[in-house]
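Chain residues, written in single-letter form:
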Amino acid sequence: MNSELITLALIVLTLPLAGFVLMMFFGKKLPRQGDWLETLIITSALGLSVFILIQKLAIAPTETLFLNFTWIDFHDVPGIGPLKITLGFAVDNLAAIMLVVVTLVSTLVHFFSTAYMHGDVRYSRYFGYLGLFSFSMLMIVLANNLFLLYVGWELVGLSSYLLIGHWYEKKSASDAAMKAFIVNRIGDVGFFIGILILYSTYHTFLLSEIFSGIGGGVLPFDSETVLTVAGILIFCGAIGKSAQFPLHVWLPDAMEGPTPVSALIHAATMVAAGVYLVARTFPLMTAEALTVIAYIGAITAFIAATIAIAQNDIKKVLAYSTISQLGYMVMALGVGAFTAGFFHLATHAMFKAGLFLGSGSVIHSMHNALHHQDDHHTDPQDIRNMGGLRHKMPITFVTFTTYTLAISGVPLTSGFLSKDSILAGTLAFNTLSGHILIPVLGFLVAGLTSFYMFRIVIRAFLGEHADAHRTDHIHESPRVMTVPLMLLAGLSVYFFFTFNLNPFGTEGWFTNAVPRPESVVPLTVAAPGGEVFEEAVHHAHTSALLLSVLIAGAGILIAFATYYWKKISAERAANALPGVHSFLLDKWGFDRVYNGVVVAGTLAFTSVLRWIDETIVDGVVNGSASWTKNAVFGFTYASRDGKKMSAGAFLFAGIAFSIYVAISVGSWVWPADASMGSVTLALLTALLSGGLVVFLVWGGAGGFDSYVVDGLVNASAYVFGFGGLVLRKLQTGKIQTYIVLAVLGALALYFVFAFNT
Amino acid sequence: MEFSFLGIGILSWITFLPIVGMVIVLMMPKDQRDAIRWASLTITALQVVLAFILWQNFDKGLAGINTISGMQFVEKASWIDIKSVAWFGRVHIEYLVGIDGLSVTMVMLTALISFVATISSWNIEKSVKGYFALFLLLDTGMMGVFVSLDFFLFYVFWEVMLLPMYFLIGVWGGPRREYAAIKFFLYTLFGSVLMLLAMIALYFSVNVYIDANGSILSVAQAMAQGTEGLEKIYTFNILAMMDPGNFAPDSLLAGVNTAWRYIAYVGLFVGFAIKIPSFPFHTWLPDAHVEAPTPISVILAGVLLKMGTYGLLRISFPIFPDAMHHYAWGLALLGVISMVYGALVAMAQTDFKKLIAYSSVSHMGVVTLGMASMNTQGMTGAVFQMFNHGTITAMLFLIVGVIYDRAHTRGLNDFGGLMNQMPKYSAIMVVAFFAALGLPGLSGFVSEAFSLIGAFQTFQTLTIIAAITIVLTAGYMLWTLQRVFLGSIPEKWKNLTDVNNRELIMLVPLAVIVIFLGIYPSPVLDLMNSSMNHLAGLVQEASTAAMLGVR
């Protein structure tokens, strides 16, 4: 059975890949451009995934099923011994749950897209890319080694690039796609170096072998610090992919992609891959690394939540909300609340996918209404243009509100359970290590979240519509869009994650399935162990529960007071704190600074380097030619621009530099015990470098044509007495000269050496 | 099994077949353009078949490198034998060819790229006969470099390749072709002279014994069986040069870590570095590429650049392991500078072809860094990167060529929206671009990853700096993609046609190879594995011994 389960998992993995290939080659030729085929494929993957999860939990709840294979065999490597690159796939509870999460959201997004993307220019390609994405994401989920993880990691980056840039005719879309890919790659550099450190120590990519290596007391470069650094570097990958501070800037721009893509990739699954990566590598994280992770998560959660308040684009708010919630999950893992962090990943996947699809439903009908009115100026995504949609779109409204309650952490929802256990974890972390800032930020963000989420609900669905004429044209979305919304709303209820009637009890099948893994790092640098932590959580639990409900309620209340009852004026608040408001509108200035300093700086630097390359590096080359010519014909020869140059000055410069080089560099270049005598050799080096200086100063760029082509030929002809060749202007003539020269030179050297020996 | 036809071995066939082709082409009437093209295509296709036979019959277990018994498909003949020459006695130069895991990949690459470049040459209209004659001569030169096991022979092929290249750029190139051609020629010649010096120095340092039948024995072998009836001669045999026992005790390059050995190494290195091209010897490359016609750019990037790194691995590493060890850090540094600097300068380019040329500098830096690590994984990565760069960059230059043929401009800012205008072309472009930026699942990633993995074990800091190129490459590649392919098409390019079948025939096989080797690299890695392990062991042992001062 076990081997069958892993085989099934591999089938789940390859199905979407097959879908991608089929869609790319035959998509356009199929009826309905093949959307049914790709949807069918992903639905069967979902079916298999659910089966795998149930079987896994029923039959082998504590085992890790795996299938390893030798990818490359290096045989007997000098210095290491027999070396194979073994890769493989594994299904443990974590992976089994992720399989279902990914395929479930993916399936719903496929169905939703058949309506949302109807009539799109590249309809079949869109579905093909969804298949590619699902395949890559599942590879991350199933990989049991860093190599395949990295492969999947980059491939989701590719599919994300392709899907964000789906409407690449728009400059903003292609810009956003490029930004997403490159910002992610910055994080990936860290991830890659982390892999290098671990691989060069353990000579394996398999996580289980790396863990047992660390557990056996072997540390990278024999240093606990390096182990910490390796952990943080791997986390850098997560910073990129999960849009953590300071690399979060790509995710809001990624909203240029179609909304169902935002739901699937940029809310529920791919961005959670970073969290999944940290969960996978959790055992090798030292206490210090985990603390860094916790702080990055908390800071991200806070920054993004504050920015979300000031945004008016519904998708932008959701994007920042996603960043904030991802920060939450990362923070949870950092403080040691492993189960809670992963729990939040799963619950968030459902309600955030729902939020995005819900916003898609709103945008879809807004867009249609605007189109009907022939209005191409009003932004269908701006919440200021909405309002009163609850009457026209009841299903969207109810489901959207359900998700909002879930993300706010209101009891009876799944979000309440996961959020509450994260907050309890931060309190416990404070008890154990004294980092008070983490729980403070955690609770603050909880309040901000319920505030800005209800702000959207109120502005979009309640009150009156911004334009009364438009209301007539707004309709509820078709069934194929609303059914996924309802399903996701159902899955935002607490019950499905615990199978326990008590809405406040987090314990259930989920938490039992993903216990916190044991750390393998040396005890001196390890975070407090699971039992100690659980004890602290237990003490903090009641206060966390009360506090979180209170704060969420307060956030909701303020939102209603501001946007519904209008007791508090948002404008006046903004005017009272002008600096703060513009700072938030400016998204803390990240984009401005990155574009102005990093991007512009790099581009300016590349231009400088290009100039250096063409003028100096190439100048030396071209200059050497003119130098040769001058050396032969005498220094009084006119320079390029016609002026007579003072040979003495250049000679002096060259000689001075030569002496300097002889003293400073000479002894380094050649060994001290050189048989020929290092002085002579150093002098030789110095003369060469001095010569280079003269080439540089004298020749400059661009003099090649006139100097080398004519100069060298003339020179050689002059020296060797082939005067007649000078007159030949044919290229072939010149070449012959060169060949003669080369042969003569070779012969001369031949004899020199012959005499020596 | 003997692989010979008409008494001539397969390696000689694969090397000299193009010469035969050249003679045929030269005998054909000038106006029979299509016949000339088809004749050349047949010749290069036959070469591909021969390379396939080599691949199929290659024994992966044999290491080669420094043993003649480990070399495969060896052919040996006395080439120049002058009994007595003033000052230095008997001159005996052999025609010695053979391949091992290092060269077999390069032979396959050369055959493949020559074939593709021939298809790409189809629309050359200016004196077709001369073009293909030179092209085939170039082919022989390249192939010869990769199969020679005798330094003299190696040098002859190295120079044979130079001349047709000069004319192919200088006659069939762009507006500044003469400048580019002569710059290429002189620059490479400068390197060749240094190589020649090192070669002559080696010649007069290495002794072997020759018996009456013309068989060569190493000093150790001769000592074992007694020198009766043997004659002591100098040799150009590369394998003999790798055996420290063959160096005459008081000769110029005898011993370890001597100044002359370092000088000879540096001389050789400069010769090879110009070809790679490694920073700071790279400036001929952008000029040559920009002016060269598309197929010649393909050959240049696909095969010629590999000669430099091949030379380092074939000659510098095993002959001068002590100097190699001494300069390894410097070599790695040059590799890293080439990687980062090449990528940054590429980013500043506005000419599509120049951008690809600088990306070549960057990607060849990976090879240099990988081999400087002197361990199996780094060197395997390096050689695999040579192969992959050959296929990927060939694709990139073909892609530039396709658009240049149609639009007669290569300005990156002149285009936009080609994705919609030329969908098939764009699909292939996506494969090439993402392979170039090292996307997993495509071959470039595997080789770059192993080069860096190997390098990290030796040079941590340098490798970390090198890893920056992961971002930079993505930056300039995607920016190019955006500028040329995304957005909407300018009015003036609305009549551009998608790739035709001829262009598909040259691009698709390369794309398939790039994807296949990205997923399953073993077919190529297995070929070179024994040789790489052997070479790594050889260099490591020798450099350890050199450090301890024994030889």
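Whatever comes next refers back to the structure up there.
Nothing here was measured: the structure is a model prediction, and the numbers come from that model. (Residues numbered from 1 in each chain as written. Chains lettered and ligands numbered in written order. Predicted model: local features only at pLDDT ≥ 70, side-chain atom pairs only at ≥ 80, totals over all residues.)

1. Quick notes on the environment of A:Ser477
Residue and element names in this part refer to chain A.
Alright, step 1. In this fold, Ser477 is placed in the loop between helix H19 (468-471) and helix H20 (479-490).
Alright, step 2. For the pair Ser477 and Met393, spaced 84 residues apart in sequence, the C-alpha separation works out to 7.5 Å.
Alright, step 3. With residues up to four places along the chain from it excluded, the contact list for Ser477 reads Ala115, Ser361, His364, Ser365, Thr396 and Thr482. (Helix = DSSP H or I, 4+ residues; strand = E, 2+ residues; numbered from the N terminus. Contact = placed C-beta atoms within 7 Å.)

2. Here's the deal with the nonpolar core
Alright, step 1. Ranked by internal contacts, the top residues of the largest apolar core, which has 460 residues, are A:Leu99, A:Leu142, A:Val275, A:Ala353, B:Val107 and B:Ala432.
Alright, step 2. It is helix H6 (residues 177-203) of chain B that contributes the most residues to this core, 19 residues altogether.
Alright, step 3. In this structure B:Val107 touches B:Ile14, B:Ala51, B:Leu54, B:Ile99, B:Met143, B:Phe146 and B:Val147, once residues within four positions along its chain are discounted. (Core = buried A, V, L, I, M, F, W, Y, C linked by C-beta atoms within 7 Å. Buried ≥ 20, exposed ≤ 12 C-beta atoms within 10 Å, placed from the backbone.)

3. Observations concerning the sheet that holds strand E6 (residues 216-217) of chain B
Residue and element names in this part refer to chain B.
Alright, step 1. Pairing is antiparallel in the open sheet, where three strands are placed in the order E6-E5-E7. Strand pairing shows two members of the sheet lacking a second neighbour, E6 and strand E7 (231-234), which therefore form its edges.
Alright, step 2. Alignment of strand E5 (residues 207-210) against E6, held across two bridges, turns out to be antiparallel. Counterpart to Tyr209 in the pairing with E6 is Leu217. (Pairing = 2+ DSSP bridges.)

4. As for the interface of chain A and chain B
By a widespread convention, an interface's size corresponds to the accessible area lost as its parts come together.
Alright, step 1. In this complex, chain A contributes 59 residues to the contact, which on the side of chain B involves 63 residues.
Alright, step 2. The dominant element in the side of chain A that touches chain B, judged by the number of residues it contributes, is helix H6 (residues 171-202) of chain A, at 14 residues.
Alright, step 3. Taken together, the residues that form the side of chain A that touches chain B break down as 38 nonpolar, 11 polar and 10 charged. (Nonpolar A, V, L, I, M, F, W, Y, C, P; charged D, E, K, R; others polar.)

5. Regarding unusual backbone geometry
Alright, step 1. Residue A:Phe245 is joined to A:Pro246 through a cis peptide bond whose omega torsion reads 5 degrees.
Alright, step 2. Structurally, A:Pro246 is set in the loop between helix H8 (224-241) and helix H9 (250-253).
Alright, step 3. Here the residue pair B:Phe279 and B:Pro280 is connected by a cis peptide bond, since its omega of 0 degrees sits within 30 degrees of zero.
Alright, step 4. The residue B:Pro280 is located in the loop between helix H9 (259-275) and helix H10 (284-291) in this model.
Alright, step 5. Within the chain, B:Ser127 stands out as a residue other than glycine whose phi angle is a positive 25 degrees.
Alright, step 6. Position of B:Ser127 relative to the elements: it lies in the loop between helix H3 (101-120) and helix H4 (128-147).
Alright, step 7. Taking the C-beta count within 10 Å as the criterion, B:Ser127 has 14 such neighbours and is therefore assigned partly exposed.
Alright, step 8. Although it is not a glycine, B:Met374 sits at a positive phi angle of roughly 55 degrees.
Alright, step 9. One can find B:Met374 in the loop between helix H13 (352-372) and helix H14 (376-407).

6. Considerations on helix H1 (residues 10-27) of chain B
Alright, step 1. For H1(B), spanning 18 residues, the distance from its first C-alpha to its last is 25 Å, which sits close to the expected 26 Å at 1.5 Å a residue.
Alright, step 2. Helix geometry: H1(B) is bent most strongly at B:Phe16, by close to 40 degrees, with proline B:Pro18 lying one to four residues after it. (Expected span 1.5 Å × (residues − 1). Bend = angle between axes of the 7 residues up to and from the residue.)

7. Let's talk about the environment of A:Ala287
Alright, step 1. The residue A:Ala287 is located in helix H12 (residues 287-310) in this model.
Alright, step 2. Remark: the alpha-carbon pair of A:Ala287 and A:Ala526, spanning 239 residues in sequence, is separated by 4.9 Å.

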